[in-house]
Amino acid sequence: MNKSTIQLSVIALILVVVQVLVLNRICLFGVAVPLAFIYVILRLPLTLSKEWVFTISFLIGLVIDIFSDTGGVNALSCVIMSALRHPVLHLYFPREDEHTELIPSIASLGLMIYFKYALTLTTIYCILAFSLETLSLFNPWHLIECIIASSVLTTALLIGIDSLTLPRREKRL
């Protein structure tokens, strides 16, 4: 196991625990739910095989489902979001040869490309999770508010988490 694998495993454990114990109980203005655990799926190395990405995504979603009593909604949403990582990244970063050894982050992609990547995948996740959770279009405006507010809040949270995990540069005198 290399340093990045250990670091990502520790981050995954911390984020899942924080999601289950703290963030699942937060609902800003009755619509915005922060979803920090999807950071792990966004940050998985692009060289990792699809089978491993799907397995890790499913397990993370399943753990959240077990502790949130959501019946597989998060597991399904995580797996579909992980399946769309490469196409979304190619949408914003079309040069294949430049990101073959890449772990998606602000440091490797730049702030704007990472922001677009995170916002798109977060929005996809929120659309799937909230639509499956309600299974109704009885109040479509509330559903749209939840999707937009949670996507924006989660993307801001993901950028904050990623900026905290950036390697520190040496200070020049």
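Keep in mind that what you see is a predicted model, and the values were worked out from it rather than measured.

Conventions adopted
Residues numbered from 1 in each chain as written. Predicted model: local features only at pLDDT ≥ 70, side-chain atom pairs only at ≥ 80, totals over all residues. Heavy atoms only, no water. Helix = DSSP H or I, 4+ residues; strand = E, 2+ residues; numbered from the N terminus. Rg over C-alpha atoms; globule rule 2.2 N^0.38 Å. Buried < 20%, exposed > 50% of the residue type's maximum accessible area, 1.4 Å probe, protein only. Contact = heavy atoms within 4.5 Å. Lys, Arg positive; Asp, Glu negative; His and termini not counted. Charge placed at Lys NZ, Arg CZ, Asp CG, Glu CD. Core = buried A, V, L, I, M, F, W, Y, C linked by side-chain atoms within 4.5 Å. Phe/Tyr/Trp six-rings, centres within 6.5 Å; stacked < 30°, edge-to-face > 60°. Polar contact = N/O pair within 3.5 Å; in protein donor to acceptor, adjacent residues only side chain to side chain.

### Focus on the overall build of the protein chain
Then step 1. What the protein chain contains, in helices and strands, is eight helices and zero strands.
Then step 2. Sequence-ordered secondary structure for the protein chain, helices as α and strands as β, is α-α-α-α-α-α-α-α.
Then step 3. Relative to the compact-globule value of 16 Å for 173 residues, the protein chain shows a C-alpha radius of gyration of 16 Å, a close match.
Then step 4. For the protein chain, the spread of C-alpha atoms along the three principal axes comes to 55 × 35 × 30 Å.
Then step 5. Buried positions account for 39% of the 173 residues belonging to the protein chain.
Then step 6. Contacts in the protein chain between residues at least 24 apart in sequence constitute 71% of all its contacts with a sequence separation of at least 6.
Then step 7. Positive and negative side-chain charges of the protein chain, numbering 11 and 11 respectively, have mean locations separated by a distance of 11 Å.

### Looking at the nonpolar core
Then step 1. Counting 45 residues, the largest nonpolar core has L15, F37, Y39, L42, Y114, Y117 and Y125 as its most contacted members.
Then step 2. Broken down by secondary-structure element, the contributors of at least two residues to this core are α1 (3-21), α2 (38-43), α3 (50-68), α4 (73-83), α5 (85-92), α6 (106-109), α7 (111-134) and α8 (140-164).
Then step 3. For this core, the element with the most residues is α7, which contributes eight residues.
Then step 4. In this structure L15 touches A36, F37, Y39, V40 and I161, once residues within four positions along its chain are discounted.

### Brief notes about unusual backbone geometry
Then step 1. The phi angle at F29 is positive, at roughly 55 degrees, despite the residue not being glycine.
Then step 2. Checked against the element boundaries, F29 lands in the loop between α1 and α2.
Then step 3. Judged by its relative accessible area of 81%, F29 falls in the exposed class.
Then step 4. Its identity is not glycine, yet D69 carries a phi of approximately 55 degrees, on the positive side.
Then step 5. A relative accessible area of 72% places D69 in the exposed class.

### Comments concerning the side chain of D162
Then step 1. For D162, the position within the fold is in helix α8.
Then step 2. Accessibility expressed as a relative area gives 0% for D162, which makes it buried.
Then step 3. Setting aside chain neighbours within four positions, we find D162 in contact with Y39, R43, S105, I106 and Y114.

### Observations concerning the packing of aromatic side chains
Then step 1. Applying the stated criterion across every chain yields a total of two aromatic pairs.
Then step 2. Geometrically, the ring pair formed by F37 and Y125 is edge-to-face, given 5.9 Å between the ring centres and 80 degrees between the ring planes. You can see F37 sitting in the loop between α1 and α2 and its partner Y125 sitting in helix α7, a full 88 residues away along the chain.
Then step 3. Classification of F37 as buried rests on a relative accessible area of 1%.
Then step 4. Here Y114 and Y117 contribute two aromatic rings whose centre-to-centre distance is 6.1 Å and whose plane-to-plane angle is 50 degrees, an arrangement assigned as tilted. Highlighted residues: Y114 and Y117, both in helix α7, separated by three residues, approximately one helical turn.

### Here we look at the side chain of S150
Then step 1. By the element assignment, S150 lies in helix α8.
Then step 2. Look at S150 and you get buried, because its relative accessible area is 0%.
Then step 3. Of note is the side chain of S150, whose polar atom sits 2.9 Å from the backbone oxygen of C146.
Then step 4. In this structure, S150 is in contact with V31, A32, V33, T122, C126 and F130, ignoring residues within four places of it in sequence.

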